[in-house]
Amino acid sequence: MVPAMIRGMLYDDLARALADAAFELDVRSADLAQLTDEQLGELLPAAHRVDHIEATPATSRAALAVRHAADERRPRATPDACHRLFEALAERSRNSDFGVDLLPGVAALARCTDPWPDLSGPARALTESLLERKSVAHPYALFLVAGLGDDDTQRAVAERLGEGPVAQAEIDVLTGFTPAELLVMTELDLVNTYVEPESTPEVWRRLADLPAYVDFARRALEAAADRADGIGSGEIPYRSDKAFTAREVAVLGQAARVALLRDEDWLPDVYGRLLPGVAVAPTPARTVPSQALLYELVRAAKEFPTPEAVTAIRTARSVTRHAGVPKQLDKLLKKVEAALAQRTEVALRLPRLGFDESGVLRRPAGDGCTAVVTVTVTGTAELTWEKDGRPLRGVPAPVRRDHGDLVKELRDLVKRVDLQLATLARALEGGLPVDTVHRFDRWRTELAEHPLARSVVGRLIWEIETAPGAWRTVLPATEDFPDAPDDAPVRLWHPIRADAETVRAWRDRLVDGQLGQPFKQAFREIYRLTPAEEETRLHSHRFAAHLVHYRRMRGLFRARGWTSRLLGPWDGGDGDEATRTLVADGWRARFSHAFVDWADDDPVASTDRVRFDQRVDGRWQEAPLVEVPPLVFSEAMRDVDLFVGVTSIAADPDWSEQGPARAYWERAGFADLTETAEARRDALSRVLPRLKIADRCTLHDRFLVVRGDLRTYRIHLGSANILMDPDDSYLCIVPSRARTPAAKIFLPFEDDRLSLILSKAMLLAADSEISDGSIRAQIAGGVRQPRF
């Protein structure tokens, strides 16, 4: 407890230092913790009055320390202190070429101890000064302050901010707001929607509680969709990227977040019109009505995703003709889908779209013809045609001639169903680190028995708590549901919670029944903390010191919901940490990597340590690895293993660079297997006996050994690189020259590297029949030797 006398002495010294440039005071931010909130609030006006160009270094440091402490503590202020603060801000605004920040004044009003004082004089002066600037940094704070002046001042600000019908409509709403409601709006001035927030700003929830703004959000978005429709029909003249003003884009982004947060039932139709409408020109031009609004609406969906918003984004991506838009949408869409997985109250919602209980939709097409759309057991939709009950090979000619719109509608429906099922699968997989739990009654009716969703849900393993502490495992596609209370918890099974025997049994069951899962579950890799990681305590080197194709790895970052800066040979581009937030903002993984050099036109990066942070009291704090939940640790490390395994130069059969990179290629290309490669080996052990080449294949240590007619080959199960007996010479087969067996061979999960290994095995088992001259020459002996 700091004695009042000491607090008083510090306060007096600070007050003198801020007022008298000749008084030297060496103050640190830590010293200000001794002050009460009231004392700090009293000092704030003087701190803002200090001119940092003319002030002494000591006075400037004291002023900055007070202002920084006020930003941190947000102290209460008396009406007199508020008045003096606004006078100080007005004076600084008149004397500064750089304008002034209104937010400290607004913050003081928000915590004023008594009714606000008369601020009309300084409010008018502040507003007039800021209106002379080219841009408005804090529009809502400016509108609030202008209202403290007079009607003319507020009208001038309204005219400046009302750029476009949507922005003007918002101004009309704000005019009727109370001071308390306007203070909520000023919180938007601190939100930058272009920067991914560490957590969801609370202002959106407070904004969603204002009925007048909720009503405005609907009117604004519907008006925007009507404008997009008008541009598309030609009723409104088209100008590329000019459909909405910058202010309208900002306002519509806010309206979208409010509507998405509230999950308004009218929003899917509006988003379904608006996003495609601003993504494609009404002319053959490869332009769009508004890239800015398109991306802002997608960023809004990233913060508050819904399945319908994802569908609208995918539709916009499919119709746009702009060369750069699809790439940007793909990048953003990955983040939207990752966020959707954690918004469990809406993530698993799927419309039935007219399908019957068996997952079939039938539409008559005249002349005895019927269109049949079927959701298959593999989780895709198929469109077929019948005539008088008999299947046809393609679209009947009369239907193509007389019902072209129906054909297009149904083909679009197939695409829509496929997209929704793909989104559902990603959402379910994204929920694994969260250990998402559902109510049994909702899970049964909305997922397991849903005519569309069950094609995905039925092929996954689930756990149902039939009694307290008693979990029953079920595979819906092959068995009935157990008896359980309606509110019984249901979650996805994860192998990290099972013993090795149970995992083996599930893997055998899936392969024996040739039941492919929508994502890797039974064969999912498990990453447990190692003794070395317990020793390093705060970081893991498990995937450090690898050389990777940087562009490919950064693409995987985006695909798996990780965020990173672009690296390259420029200032600040030498290194970064890719990050992914897991478990509803509770944990964050960080993966360090650095730019190394160029290999021809391909940038190469090196990998480094993995760290974890936990959010404590709203801030990230680095956590010891032993404190990271095992499921979070395993899922994050699985992603990093994927990044390294897929993009390592060791898996590049064409790598020809020499020096240290070559030494790494030769070492890592045949190294010990990672967890991903071990899962691949386990799958091969089950698949190989079913193949025609089974008698020519053997799994040995890190390799699939294939006996050909001419030689015996060892295919590494991690990199898919090949060595030839008896001299360990290297055989280069680029993927395009290997046959792809995926269409003929059942695989329990999708894995490009597994497919490549099997392709090479099938090719080499019949090496005497190979026609490719390059491969034959290498087998005959004309091949470079790896140096081990």
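Everything below is about the structure shown above.
Per-chain numbering applies: the sequence of each chain, read as written, is numbered from 1 onward. At least 70 in pLDDT is required for a residue's local features to be given in this predicted model, at least 80 for side-chain atom pairs to be given and counted, and no such filter applies to totals for whole chains, interfaces and linings, which use all residues. Think of the side-chain values as coming from all heavy atoms in the structure, minus any hydrogens and water.

1. Some thoughts on the pattern of salt bridges
- Definition used for salt bridges: Asp or Glu carboxyl oxygen within 4 Å of a side-chain nitrogen of Lys or Arg. By the definition in use, this model includes 57 salt bridges.
- Among the ionic pairs, Glu 525 bridges to Arg 638, the shortest N-O distance being 2.6 Å. Of this pair, Glu 525 sits in the loop between helix H23 (500-512) and helix H24 (531-536) while Arg 638 sits in helix H26 (residues 630-647), and the two are 113 residues apart along the sequence. An identical accessibility class is assigned to Glu 525 and Arg 638; each is buried.
- Several salt bridges share partner residues, and in doing so they unite Glu 429, Lys 520, Arg 524, Glu 525, Arg 560, Arg 580, Glu 635, Arg 638 and Asp 639 into one network. Numbering of helices and strands runs from the N terminus; a helix is a DSSP stretch of H or I covering at least four residues, while a strand is a stretch of E covering at least two. Note on classification: 1.4 Å probe, protein chains only; a residue is buried when its accessible area is under 20% of the maximum for its type, exposed when over 50%, partly exposed between these limits.

2. Thoughts on empty space enclosed by the protein
- We place a 1 Å grid over just the protein atoms. Points where a 1.4 Å probe fits but has no way out form a cavity, open points with protein on both sides within 12 Å along at least 5 of 7 lines form a pocket, and any residue with an atom within 4 Å of a point lines it. Grid points are joined across faces, edges and corners, and a volume is the space filled by probe spheres set on the points. Under the counting rule described, the total for this entry stands at four cavities of 30 Å³ or more.
- A volume near 70 Å³ is recorded for the second largest cavity.
- Surrounding the second largest cavity, Pro 307, Val 310, Thr 311, Leu 340, Ala 347, Leu 348, Arg 349, Leu 350, Gln 420, Thr 423 and Leu 424 form its lining.
- Put simply, the parts of the chain that give the lining of the second largest cavity at least two residues each are helix H16 (307-319) and helix H20 (404-430).
- Note on residue classes: Ala, Val, Leu, Ile, Met, Phe, Trp, Tyr, Cys and Pro are nonpolar, Asp, Glu, Lys and Arg are charged, and everything else, Gly too, is polar. Looking at the lining of the second largest cavity residue by residue, the classes come out as seven nonpolar, three polar and one charged.

3. Here we look at unusual backbone geometry
- With an omega dihedral of 5°, the bond running from Asp 725 to Pro 726 counts as a cis peptide bond.
- In this fold, Pro 726 is placed in the loop between strand S18 (722-724) and strand S19 (729-731).
- Of note in this structure, Ala 545 is not a glycine but carries a positive phi near 70°.
- Structurally, the position occupied by Ala 545 is in the loop between strand S9 (539-540) and strand S10 (547-549).
- At Ala 720, a residue that is not glycine, the phi angle is positive and equals roughly 70°.
- For Ala 720, the position within the fold is in the loop between strand S17 (712-716) and S18.

4. Regarding the pairing of strand S13 (residues 602-616)
- Note that S9 and S13 share two bridges and pair antiparallel. Note on S13: the bridge partner recorded for His 539 is Arg 611.
- Pairing of S10 with S13, which is carried by three bridges, proceeds in the antiparallel orientation. Within S13, the residue paired with Val 548 across the bridge is Ala 605.
- Strands are labelled as partners when DSSP assigns at least two bridges between them. In this sheet, strand S14 (residues 619-622) lies alongside S13 in antiparallel orientation, the contact comprising four bridges. Its bridge partner being in S14, Val 616 is matched across the sheet by Arg 619.
- In textbook terms, the turn of a hairpin is the stretch between consecutive antiparallel strands, and for S13 and S14 this stretch comprises two residues, one of which, Asp 617, has a positive phi near 55°.

5. A closer look at H16
- Given a helix with a known number of residues, its expected span is that number minus one, times 1.5 Å. The terminal C-alpha atoms of H16 lie 19 Å apart, and with 13 residues this matches the ideal 18 Å at 1.5 Å per residue to within 8%.
- Within the sequence span of H16, burial applies to Pro 307, Ala 309, Val 310, Thr 311, Ala 312, Ile 313, Arg 314 and Ala 316.

6. Structural notes on the environment of Ser 540
- Its location among the elements puts Ser 540 in strand S9.
- On a C-alpha basis, the gap between Ser 540 and Gln 420 in space is 37 Å, while along the polypeptide they are 120 residues apart.
- When neighbours within four sequence positions are excluded, Ser 540 is seen to be in contact with Glu 533, Arg 609, Val 610, Leu 625 and Met 637.
- Any pair of nitrogen or oxygen atoms within 3.5 Å is treated as a polar contact; in protein, a donor-acceptor pairing is required on top of that, and neighbouring residues in sequence qualify only through side-chain atoms on both sides. In terms of polar contacts, Ser 540 uses its side chain to reach the side chain of Glu 533, at 2.6 Å. Every residue pair with non-hydrogen atoms within 4.5 Å of one another is taken to be in contact.

7. Focus: the packing of aromatic side chains
- Each pair of aromatic rings taken from Phe, Tyr and Trp, with Trp reduced to its six-membered ring, is defined by centres within 6.5 Å and is described as stacked if the planes are under 30 degrees apart, edge-to-face if over 60, and tilted in the remaining cases. Scanning all chains against the criterion turns up 15 aromatic pairs.
- Between Phe 557 and Phe 591, the aromatic rings sit 6.3 Å apart at their centres with planes inclined by 90°, giving edge-to-face as the arrangement. Of this pair, Phe 557 sits in helix H25 (residues 550-559) while Phe 591 sits in strand S12 (residues 587-599), placing them 34 residues apart in sequence.
- You can call Phe 557 buried: its relative accessible area is 0%.
- Centroid distance Phe 591 to Phe 643: 6.3 Å. Interplanar angle 20°. Geometry classified as stacked. On the criterion of sequence distance, the pair formed by Phe 591 in strand S12 and Phe 643 in helix H26 is long-range, its members being 52 residues apart. The residues Phe 591 and Phe 643 share a single accessibility class, namely buried.
- Grouped by ring-pair contacts, the aromatic residues Phe 440, Trp 443, Trp 462 and Phe 481 constitute a single cluster.
- Either the NZ atom of lysine or the CZ atom of arginine qualifies as a charge over a ring when it sits within 6 Å of the ring centre and within 35 degrees of the ring normal. Positioned above the aromatic ring of Trp 620, the side-chain terminus of Arg 615 is 4.4 Å from the ring centre.
- Arg 714 extends its terminal NZ or CZ atom over the ring of Phe 703, reaching a point 4.9 Å from the ring centre.

8. Some thoughts on the environment of Ala 422
- Considering the arrangement of structural elements, one finds Ala 422 in helix H20.
- In this structure Ala 422 comes out as partly exposed when scored by relative accessible area, which is 27%.
- The sequence separation of Ala 422 and Pro 518 amounts to 96 residues, and the corresponding C-alpha distance is 8.5 Å.

9. Looking at the nonpolar core
- Grouped together as the largest cluster of nonpolar side chains are 149 residues, with contacts concentrated most on Leu 221, Tyr 271 and Leu 428.
- For this core, the element with the highest residue contribution is H20, accounting for eleven residues.
- Of all hydrophobic cores here, the second largest spans 44 residues; its members include Leu 475, Trp 506, Leu 731 and Leu 747. To form a nonpolar core, buried Ala, Val, Leu, Ile, Met, Phe, Trp, Tyr and Cys residues must be joined to one another through side-chain atoms within 4.5 Å.

10. Focus on the sheet that holds strand S16 (residues 703-707)
- Within the open sheet, the five strands sit side by side as S15-S16-S17-S18-S19. Their pairing is antiparallel. Looking at the sheet topology across the chains shown, the edges are occupied by strand S15 (697-700) and S19. Ignoring which end each strand starts from, the neighbouring axes of this sheet average 30° apart.
- In the sheet, S16 pairs with S17 via five bridges, with the strands oriented antiparallel. By the bridge assignment for S17, Leu 704 is matched with Ile 715.
- Sheet strands in contact with helix H30 (residues 773-780) are S17, S18 and S19, and its direction is about 165° off that of S19. The angle between two axes is taken between their N-to-C directions and runs from 0 to 180 degrees, where each axis is a line fitted to C-alpha atoms and a helix contributes only its stretch in contact.

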